[in-house]
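Residue-level listing of the chains:
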Amino acid sequence: MLKLPASVRLEQLPTLWTALQASLRAEAAQVRSAAGAQLRISAADLQDFDSGVLTLLISAARLCAQEGVQLQLHEVPAKLQELARVYGVAELLWPELLPA
């Protein structure tokens, strides 16, 4: 399982995305080789963040889709869930929240 860093701020995005892209591709290859469909990322360490984290996560979800796996976020802080709701992207990050 991949892990988000403790801090994700807009000014850090270029560096974080470069590193995360490589990790996501490698992890997706492992997931697919094990006949899996979900790539898991833990947000347990995430403490200091702004809306940049949403950009990072949406980009990660898109890359995962291109790689043939689904991004699954774990241990998500309530503050991040609320930020995603305010920005109207919660359903992109947590499709299970969509009404049936």
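Because the structure is a prediction, the values reported are computed rather than measured.

1. Notes on the pattern of salt bridges
And step 1. Scanning the model with the defined rule gives five salt bridges in all.
And step 2. Across the pair Arg-25 and Glu-67 runs a salt bridge, and its minimum N-O distance is 3.5 Å. Of the two residues, Arg-25 sits in helix α1 (residues 13-33) while Glu-67 sits in the loop between α2 (52-66) and β5 (70-74), which places them 42 residues apart along the sequence.
And step 3. Between Arg-32 and Glu-67 there is a salt bridge, with the nearest N and O atoms lying 3.3 Å from each other. Of the two residues, Arg-32 is situated in helix α1 and Glu-67 in the loop between α2 and β5; the sequence distance between them amounts to 35 residues.
And step 4. By relative accessible area, which is 22% here, Glu-67 ends up partly exposed.
And step 5. A cluster of three or more residues bridged by salt bridges with shared partners is formed by Arg-9, Asp-48 and Asp-50.

2. A look at the pairing of β5
Taken residue by residue, a regular strand's side chains alternate between the two faces of the sheet.
And step 1. Where burial is concerned, the two faces of β5 differ: the one with Leu-71 and Leu-73 is buried and the one with Gln-70, Gln-72 and His-74 is not.
And step 2. Here strand β3 (residues 38-42) runs beside β5; their pairing, made up of five bridges, is parallel. Considered in β5, the bridge of Arg-40 is made with Gln-72.

3. Regarding the environment of Val-8
And step 1. Structurally, Val-8 is set in strand β2 (residues 7-8).
And step 2. Linking Val-8 and Gly-52, residues 44 residues apart in sequence, is a C-alpha distance of 6.7 Å.

4. Details of the sheet that holds strand β1 (residues 2-3)
And step 1. The strand order across the open sheet built from three strands is β1-β3-β5, with neighbouring strands paired in parallel fashion. The sheet is open, and its two edges are formed by β1 and β5, each paired on a single side.
And step 2. The strands that α1 touches are β1 and β3; relative to β3, the one it contacts most, it runs at about 135°.
And step 3. Across the face of the sheet, α2 comes into contact with β3 and β5 while running at roughly 140° to β5.

Conventions and cut-offs
Residues numbered from 1 in each chain as written. Predicted model: local features only at pLDDT ≥ 70, side-chain atom pairs only at ≥ 80, totals over all residues. Heavy atoms only, no water. Salt bridge = Lys/Arg side-chain N within 4 Å of Asp/Glu carboxyl O. Helix = DSSP H or I, 4+ residues; strand = E, 2+ residues; numbered from the N terminus. Buried < 20%, exposed > 50% of the residue type's maximum accessible area, 1.4 Å probe, protein only. Pairing = 2+ DSSP bridges. Contact = heavy atoms within 4.5 Å. Axes fitted to C-alpha atoms, helices over the stretch in contact; angles between N-to-C directions.

Don't take any of this as a statement about function, it's just geometry.
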